[in-house]
Amino acid sequence: MTRYAMAIDLRRCNGCQTCTTACRHANATPPGVQWRQVLDMESGEYPEVRRTFVPVGCMHCGDPPCEHVCPTTATKKRADGLVTIDYDICIGCGYCAVACPYQARHIVHRNTFAFGDGRAIASEQARMDPERMSVATKCTFCKDRIDAGLENGLTPGVDPEATPACVNACITGAYVFGDRDDPNSKLSKLLGQTEHFRMHEELGTDPGIHYIWDSKAAT
Amino acid sequence: MSQPSGQSGHAGKSGRIAPWHQSNWDLRAAGNFVFGGAGTGLIIFAGIGHAFGAAYVLPALIGLALVGAGLLCVWAEIGRPLRAVNVYLHPQSSWMTREAMVAPFLFASGLAAAWTGRQTLIWTVAALALVYLTCQAQMIKASRGIPAWRSPRMVPLAMLTGLCEGASLAILVAAATADRAYLQWIEAFLLALALARGLAWYAYRSGLQHEGAPAKALAALARIELPFSILGNWVPLVLLFIALASSSANVVFWLGVISALAVLGSGWLFKVVLITRAAYNQGFALPQLPVRGSGNGGRATKPGWD
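Residues numbered from 1 in each chain as written. Chains lettered and ligands numbered in written order. Predicted model: local features only at pLDDT ≥ 70, side-chain atom pairs only at ≥ 80, totals over all residues.

1. Remarks on the overall build of chain A
- Within chain A, the regular secondary structure consists of seven helices and 10 strands.
- Projected onto its principal axes, the C-alpha coordinates of chain A cover approximately 60 × 45 × 35 Å.
- Counting all 219 residues of chain A, 49% fall into the buried class.
- Within chain A, residue pairs in contact and separated by at least 24 positions form 55% of the contacts whose partners lie at least 6 positions apart. (Helix = DSSP H or I, 4+ residues; strand = E, 2+ residues; numbered from the N terminus. Buried ≥ 20, exposed ≤ 12 C-beta atoms within 10 Å, placed from the backbone. Contact = placed C-beta atoms within 7 Å.)

2. With respect to the overall build of chain B
- Secondary structure summary: chain B contains nine helices and zero strands in total.
- Along chain B, from the amino end to the carboxyl end, the secondary structure elements read α-α-α-α-α-α-α-α-α.
- Taken over the C-alpha atoms alone, chain B extends approximately 80 × 45 × 25 Å along its principal axes.
- Within chain B, counting contacts between residues at least 6 apart in sequence, those at least 24 apart form 73% of the total.

3. So, the nonpolar core
- Ranked by internal contacts, the top residues of the largest apolar core, which has 160 residues, are A:Ile8, A:Tyr175, B:Ala148, B:Ala167, B:Ala170, B:Ile186 and B:Leu190.
- The element best represented in this core is helix H5 (residues 154–176) of chain B, accounting for 13 residues.
- Look past the residues within four positions of B:Ile186 in its chain and what remains in contact with it is B:Phe45, B:Gly49, B:Ala167, B:Ala170, B:Ile171 and B:Ala174. (Core = buried A, V, L, I, M, F, W, Y, C linked by C-beta atoms within 7 Å.)

4. Looking at the sheet that holds strand E1 (residues 4–9) of chain A
Residue and element names in this part refer to chain A.
- Here we have four strands laid out as an open sheet, ordered E8-E1-E10-E9, and mixed in their pairing. Here the strands that pair on one side only, and so sit at the sheet edges, are strand E8 (175–179) and strand E9 (194–197). Pairs of neighbouring strands in the sheet enclose a mean axial angle of 35°, with direction left out of account.
- The pairing of E1 with E8 spans five bridges and is classified as antiparallel. Of the residues in E8, the one forming a bridge with Met 6 is Phe 177.
- Sitting on the sheet, helix H7 (residues 186–193) touches E1, E8, E9 and strand E10 (209–215), and the angle it makes with E8 is about 115°. (Pairing = 2+ DSSP bridges. Axes fitted to C-alpha atoms, helices over the stretch in contact; angles between N-to-C directions.)

5. So, the interface of chain B and chain A
- Counting residues at the interface gives 48 residues for chain B and 47 residues for chain A.
- The residue inventory of the side of chain B that touches chain A, partitioned by class, reads 18 nonpolar, 25 polar and five charged. (Nonpolar A, V, L, I, M, F, W, Y, C, P; charged D, E, K, R; others polar.)

6. Some words on the packing of helix H1 (residues 27–51) of chain B against helix H4 (residues 119–141) of chain B
Residues and elements named next belong to chain B.
- Closest axis-to-axis distance for the H1/H4 pair is 9 Å, and the angle between their directions is 155°. Viewed along their axes, H1 and H4 adopt a mutual orientation that is roughly antiparallel. Handedness of the H1/H4 crossing: left-handed. Two secondary-structure elements touch here, H1 through Phe 33, Gly 36, Gly 37, Thr 40, Gly 41, Ile 43, Ile 44, Gly 47 and His 50 and H4 through Ile 122, Trp 123, Val 125, Ala 126, Ala 129, Leu 130, Tyr 132, Leu 133 and Gln 136.
- Here the contact of H1 with H4 is built from residues that sort into 11 nonpolar, seven polar and no charged. (Parallel < 35°, antiparallel > 145°, perpendicular 65-115°, else oblique. Left-handed = near helix turned anticlockwise from the far one by under 90°.)

7. With respect to the environment of B:Ala167
Residues and elements named next belong to chain B.
- Counting through the fold element by element, Ala 167 comes out in helix H5.
- Classification of Ala 167 by C-beta neighbours within 10 Å gives buried; the count is 29.
- When residues no more than four places from it in sequence are discounted, the contact partners of Ala 167 are Gly 41, Phe 45, Ile 186, Phe 189, Leu 190 and Leu 193.

8. Regarding the packing of H5(B) against helix H9 (residues 249–276) of chain B
Residues and elements named next belong to chain B.
- Orientation of H5 relative to H9, taken along the N-to-C sense of each, is 145°, at an axis distance of 8 Å. Along this stretch, H5 crosses H9, giving a crossing that reads as left-handed. For the pair H5 and H9, the contacting residues are Thr 161, Cys 164, Glu 165, Ser 168, Leu 169, Ile 171, Leu 172 and Ala 175 in the first and Phe 253, Gly 256, Val 257, Ala 260, Val 263, Leu 264, Gly 267, Phe 270 and Lys 271 in the second.
- Taken together, the residues that form the contact of H5 with H9 break down as 11 nonpolar, four polar and two charged.

9. Remarks on the environment of A:Lys186
Residue and element names in this part refer to chain A.
- Following the sequence through the fold, Lys 186 ends up in helix H7.
- Here Lys 186 falls in the partly exposed class, since 16 other C-beta atoms lie within 10 Å of it.
- A C-alpha to C-alpha distance of 8.2 Å links Lys 186 and Val 158, two positions 28 residues apart in sequence.

10. A few points about the pairing of E1(A)
All names here are of chain A.
- Across the six residues that make up E1, a large majority, six, are buried.
- Side chains Tyr 4, Met 6 and Ile 8 of E1 all project onto a buried face; the interleaved residues Ala 5, Ala 7 and Asp 9 project onto the opposite face, where all are buried too.
- Where E1 lies against E10, four bridges are found, and the strand directions are parallel. When the sheet's bridge partners are listed, Ile 8 is paired in E10 with Tyr 211.

11. As for unusual backbone geometry
Residues and elements named next belong to chain A.
- In this chain, Tyr 46 is followed by Pro 47 through a cis amide linkage whose omega measures 5°.
- The phi torsion at Cys 142 lies on the positive side, around 50°, for a residue other than glycine.
- Mapping Cys 142 onto the fold places it in the loop between strand E7 (136–137) and helix H5 (143–151).

12. Things to note about the environment of B:Ala300
All names here are of chain B.
- Positionally, Ala 300 belongs in the segment after H9.
- Residue class for Ala 300 comes out partly exposed when judged on the 14 C-beta atoms lying within 10 Å of it.
- When neighbours within four sequence positions are excluded, Ala 300 is seen to be in contact with Leu 286, Pro 287 and Gln 288.

Right, here's the structure in full:
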């Protein structure tokens, strides 16, 4: 089996938001909608204050609550672990959005543009997709790139043409993408060498993004 | 002790960390639970009332109208209303689909029961109404992204709230139609249900405290302790007790009506608050902070939670 998943090394992320920009460029999301965003989390109290940059988005859960509640089957989990939305079926009821513990889903009911005057600039006009209006949208792990890459014999997570845009764009190499079920994938090897966690794992969603926070202690 | 600050380096919608209120379901969605719960409750009590010799048609039709109003609210909420029929595609796991599937049978059998007055149909409608109410309660609980909704104690609380509202409406209909013989029976039902709802409310809130929930969600629920629990549940419960102990028809009538209005209003308030005020999402949390340089990883952080 294949389970595409992602590892994000929190030690490396410097909050530059290049992944966010790359995602927006690749997927043409409207203003205010970021399928990939980087949280800037401050914690603790002086003098023990910490600042952590945390990229978040759809976790492509193994047991996705959004898929269970979706009344239309627009949200589906593919055999390779990707959670997808069929915009032609979705009714925009928002049930998936309240079921998602990662706040990863967005529903936009009217067009908004970067310069806010109600007029799209040329690039927005060219890439506007009426199909995505008033339906749920979210990170797809760039499934079109993955699928096209696979058709051309490429390996997601290895070949950039078959790898999500955020992973390609990361300037610090914090992102690693690949098949979690393949013990020889870079992802699996990295997860074997590091300490990592998954967000809100206690909710039983089996999320597909692993956050690396330390190296494994040498035995 | 180190405390998470929950501060975000960003303003605006993106970059929020501590739980914020969901913005996908508003008063229209709350309307489905308000009208659907009260309507199905009334349909159930119309059936029970019929067994006690009370009139069936009026309360049953009011109940169906309320359920219809709730469904209209949902229809007004969805982004693509012309595709609404797609809601029927996922009965395997979606409680929203299941609710939608019960609805046409509820309306068809309800109208048939009102038309024919056949006892078997009346009980069938009551059973369908109970299934519909169950779907609504389960629908809220299945929303795993909202801590105040996903509690397992939500199901009995939401169902008891709907039944209380139904019994309250049944009292109001019986009072309005001078069906006073039935009034005491239904008041006894409401007394028992209000007692159960009061206990379910405390079990739900203590469960949330125990399991953990966003501080703002707990605060929103705490704010309705007086109007919902005290004035809307325990005071009516005492009034109903007095009414049932009284031999005066006027006391039975007026205390019943006052109690019914209080229980009905508080139930609707609870649902509106639950959907539009207490529905804070999960937010973001880190069970471990990353190791930087030669230092250690920091403490876990979960901003905005009690």
